[in-house]
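Reading the structure
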Amino acid sequence: MPTANSRRALKVGVLAASGALLAGVSGAAYFARHVVVPKYSRREGLEVRAVHTNGDGSLEIELPATAQTRAPGRYSLWFEQGTGHACLGPVVGSHPDRNSVVRVVERVDSGDLKQASAGIWSGYLYSKPEQLGLPYQDVEIPVANGVAPAWTFDPPAGVAAPKTWAVHIHGMGGKRAGTLRGIPVARRLGLTSLVVSFRNDGDAPPSYDGRYNLGQGEWHDVEAGINYAISNGAERIVLFGWSLGAAIALQTAALSQSSSRIAGMVLDAPVFDWRTTLAANAKAAGLPRPLVHLGFTILRSKALRWVTGLAEPICLDSLDWLARATELNKPVLVLHGEKDDTTPFEASKKAASLRPDLVRLVEFESEGHSLEWNVDPDKWERSVEEWFYGLPLTGSSPEQAGAQS
């Protein structure tokens, strides 16, 4: 028979185990909710140490020296709770004693940069479409819960009624402006560009549950954009997807009733498999693997939808394009940085190895996520041009002939 002391020890052990189990379940629930609950603001964690005015009135900004702030290329800084935005050029100096770098400020689009104390490092070189200096229109696309705002950019003069349109899809927690980096090359190729918004991005109407579906539901809004393009003369579509937008593009190409019109996809820092991506992010955050797998179970479970607020569970299998690689049937150009700290480069590498007949991978030396264009826009755009001219349906298209003339 157990003694009183052993019974007390057992009770303490059971309580401790129960507490640990409860903590684990709570952690998994938090992880699952964190994945699907939209976030419309981010912590401004990058210190602005100084903003200097030169004799000619130009500005320079001093920032802590990190792998990203030292990286070559052009970037931007969001500040003042997302209301301020500045475009940053190359590094022009450093202060080793303060562990800081100095970069050119190419322009300030909004806000008072001189008063900013912190901001968010970003690849959004353009925060508004007019900054491209190209003609565009605001349009509205009918979607499930109303109308979603979008922009259209016409091709250069002399390219009459292009039959191929580019549909640009932004990433998670972002806005349409993030895709504006892809507009100039699409325009040079003679394409009309449609920049769409989708449910729960803060521009388009929210879904009924107000939750991200990781591409499982958002593709319907992209299909609505394709329908808009077709109704305005498009015969072929090229999807440009960034991060989550790439996952949405893959679902659209597989499920849309207009899939036969999709000629190919340009995917920047794509999510080919959410398990791989989320597990990598969780590992970087120090979350235990069992907790992460429990979080996956919550996302997949119909009975546990109350935990996440999802109207329908997430079918992670249907979003796994590494496991479904044999089902890919469109040419895909993947533009991805080897040091991506959010979406694992290895997934893109695996996709290219699984389907070398369809998937072309171009590697970049960018620091961070979805910054491939920023570090080397010439390489990014040249890769898109070379890939586009190799598409089977574009060899003799009127818009291509116009773009090359």
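A look at the overall build of the protein
- Secondary structure summary: the protein contains 11 helices and 15 strands in total.
- A burial count over the protein gives 53% of its 405 residues as buried.
- Considering only contacts within the protein whose residues lie at least 6 apart along the sequence, 72% involve residues at least 24 apart.

Digging into the packing of helix α3 (residues 219–231) against helix α4 (residues 244–255)
- Here α3 crosses α4 at 65°, and the two axes come no closer than 9 Å. If you check the angle between α3 and α4, you find them roughly perpendicular. Viewed along their axes, α3 and α4 form a crossing whose handedness is right-handed. Here α3 contributes Trp219, Val222, Glu223 and Ile226 to the contact with α4, which in turn contributes Ile248, Gln251, Thr252 and Leu255.
- Here the residues of the contact of α3 with α4 are counted per class, giving 5 nonpolar, 2 polar and 1 charged.

Let's talk about the sheet that holds strand β10 (residues 164–169)
- In space, the 8 strands of this open sheet follow the order β8-β9-β11-β10-β12-β13-β14-β15, with mixed pairing throughout. Taken across any chain shown, the strands that pair with only one partner, and hence form the sheet edges, are β8 (136–143) and β15 (359–367). Sheet twist, expressed as the average angle between the axes of neighbouring strands with direction ignored, equals 25°.
- Most of the contacts of α3 go to β8, to which it runs at about 120°, and overall it touches β8, β9 (146–153), β10, β11 (192–195), β12 (236–242) and β13 (262–268).

Details of the environment of arginine 360
- Topologically, arginine 360 is positioned in strand β15.
- The partly exposed category is assigned to arginine 360, whose relative accessible area is 39%.
- Sequence separation between arginine 360 and valine 332 is 28 residues; the distance between their C-alpha atoms is 6.2 Å.
- Beyond its immediate chain neighbours, meaning those up to four positions away, arginine 360 contacts Val332, Leu333, Val334, Glu386 and Trp387.

Rules and cut-offs
- Residues numbered from 1 in each chain as written.
- Predicted model: local features only at pLDDT ≥ 70, side-chain atom pairs only at ≥ 80, totals over all residues.
- Heavy atoms only, no water.
- Helix = DSSP H or I, 4+ residues; strand = E, 2+ residues; numbered from the N terminus.
- Buried < 20%, exposed > 50% of the residue type's maximum accessible area, 1.4 Å probe, protein only.
- Contact = heavy atoms within 4.5 Å.
- Axes fitted to C-alpha atoms, helices over the stretch in contact; angles between N-to-C directions.
- Parallel < 35°, antiparallel > 145°, perpendicular 65-115°, else oblique.
- Left-handed = near helix turned anticlockwise from the far one by under 90°.
- Nonpolar A, V, L, I, M, F, W, Y, C, P; charged D, E, K, R; others polar.
- Pairing = 2+ DSSP bridges.

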